[in-house]
Amino acid sequence: MIIGLTGNIATGKSTISNMFQAKYQIPVIDADIVSREVVEPGEQALEEIVATFGEDILLENGTLNRKKLGAIIFQDQNKREKLNAIVHPAVRNKMLSKKEELLRQGNQTIVMDIPLLFENNLTYLVEKTIVVYASEHIQLQRLMERNQLSEKEARDRMNSQMAIDEKRDLADEVIDNSGSMEQSEKQLKNILINWELIE
Ligand SMILES: CC(C)(COP(=O)(O)OP(=O)(O)OC[C@H]1O[C@@H](n2cnc3c(N)ncnc32)[C@H](O)[C@@H]1O)[C@@H](O)C(=O)NCCC(=O)NCCS
Ligand SMILES: Nc1ncnc2c1ncn2[C@@H]1O[C@H](COP(=O)(O)OP(=O)(O)OP(=O)(O)O)[C@@H](O)[C@H]1O
């Protein structure tokens, strides 16, 4: 089974994805990690980013200045769409080849952790979806704290995604990660039992 794990920024996707790997040895393909790989120096996507956003978007060592690009695209939809058009096709292709490789190795269950699964209509890539939910208030608190962002910066990031309540309605299953990690772990276990992936 291919499981699509999604949610919104800082709702806890990585937290749940770690549980999949550590507790159940189910491999996870993480779109955020892949989106870093496809913009490494020498990659075509990085050249296109420089052509679009200018040389100033690079750090002195030639790598992408993520902080600067984030400050630009999270408050400008037009620029965000330009970046997405460059990065997303490369991310999708690389995720698909990673999935094929994991299937070749004999893995029967694979998780694809894709923050923008619903926004980008990618549900055709997966068989079941899990949304990791946290109320907007908790999301804001955790995001400001983890990334050391102002409220405005955090809200800009949250507003660049579909509302979490809308995603919750689209999901096959929801893990409410507003409580403790133990509570979330129990919910994950119940879902895997329901799907007959564990006993
Ligand atoms: C703008 C960039 C350089 C900022 O880097 P930074 O290290 O600060 O953030 P990071 O990549 O870890 O992303 C953190 C979270 O932001 C959210 N996010 C990232 N990009 C986007 C986007 N284009 N639209 C909406 N939300 C996004 C996701 O929830 C993600 O989990 C980077 O996010 C990026 O290259 N984004 C475009 C690729 C993308 O869409 N990635 C998300 C999944 S494929
Ligand atoms: N149940 C929880 N209780 C308290 N803190 C939590 C809980 N779950 C996650 N966190 C914290 O909230 C923050 C966001 O969690 P996490 O990084 O898993 O979110 P994410 O959805 O993967 O974020 P992103 O979209 O940026 O990749 C982290 O600092 C994490 O340690």
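An unreviewed UniProt entry lists the protein under the name Dephospho-CoA kinase, from Gracilibacillus orientalis. One UniProt comment on the protein, placed under Subcellular location (unreviewed entry), says "Cytoplasm". Quoted verbatim from the Catalytic activity (unreviewed entry) heading of the UniProt record, the comment on the protein is "3'-dephospho-CoA + ATP = ADP + CoA + H(+)".

Q: Is there a simple way to think about the overall build of the protein in this case?
A: What the protein contains, in helices and strands, is nine helices and five strands. Ordered by position from the N terminus, the helices and strands of the protein form the series β-α-β-α-α-α-α-β-β-α-α-α-β-α. Scaling as 2.2 N^0.38, a compact globule of 199 residues should have a C-alpha radius of gyration of about 16 Å, and the protein matches this with 17 Å. For the protein, buried positions account for 28% of its 199 residues. Within the protein, contacts between residues at least 6 apart in sequence are counted, and of these 72% link residues at least 24 apart.

Q: Just checking my understanding: could you explain the site of ligand 2 for this structure?
A: Residues in contact with ligand 2 amount to 16 residues; listed here are only the nearest, Lys13, Ser14, Thr15, Arg142 and Arg146. Taken together, the elements giving at least two residues each to the shell around ligand 2 come down to α1 (13-24), α6 (136-147) and α9 (181-194). Looking at which element gives the most residues to the shell around ligand 2, the answer is α1, with three residues. When the residues that make up the shell around ligand 2 are grouped by side-chain class, the tally is four nonpolar, eight polar and four charged.

Q: Would you mind going over the site of ligand 1 with me for this structure?
A: In the region of ligand 1, 18 residues are neighbours, and Ile9, Ala31, Arg66, Gly70 and Pro115 sit closest. Every element with two or more residues in the shell around ligand 1 is listed here: α2 (31-37), α4 (66-73) and α5 (77-104). Residue contributions to the shell around ligand 1 peak at five residues, all from α5. Counting the residues that make up the shell around ligand 1, at least three belong to each of domain 1 (1-27 + 107-199) and domain 2 (34-106).

Q: I tried to follow the nonpolar core on my own but got confused; where do I start?
A: For soluble globular proteins, nonpolar side chains are generally found buried alongside one another. Among the nonpolar cores identified, the biggest contains 37 residues, and Leu5, Ile49, Val111, Met112 and Val132 are the most heavily contacted of them. Ignoring anything within four residues of it in the chain, the contact list for Leu5 reads Lys13, Ile16, Ser17, Val111, Met112, Asp113, Ile130 and Val132.

Q: Explain unusual backbone geometry to me, please; I cannot follow it from the model alone.
A: Glycine aside, the phi torsion of most residues is negative, and most peptide linkages are trans. Its identity as a non-glycine residue notwithstanding, Ala10 has a phi of 65 degrees, on the positive side. One can find Ala10 in the loop between β1 (2-7) and α1. At Gln148, a residue that is not glycine, the phi angle is positive and equals roughly 55 degrees. A tally of 9 C-beta atoms within 10 Å means that Gln148 is categorised as exposed.

Conventions we followed
Residues numbered from 1 in each chain as written. Chains lettered and ligands numbered in written order. Predicted model: local features only at pLDDT ≥ 70, side-chain atom pairs only at ≥ 80, totals over all residues. UniProt positions renumbered as here; feature names shortened; annotations may be inferred. Helix = DSSP H or I, 4+ residues; strand = E, 2+ residues; numbered from the N terminus. Rg over C-alpha atoms; globule rule 2.2 N^0.38 Å. Buried ≥ 20, exposed ≤ 12 C-beta atoms within 10 Å, placed from the backbone. Contact = placed C-beta atoms within 7 Å. Near = placed C-beta within 6 Å. Nonpolar A, V, L, I, M, F, W, Y, C, P; charged D, E, K, R; others polar. Domains from an automatic or database assignment. Core = buried A, V, L, I, M, F, W, Y, C linked by C-beta atoms within 7 Å.

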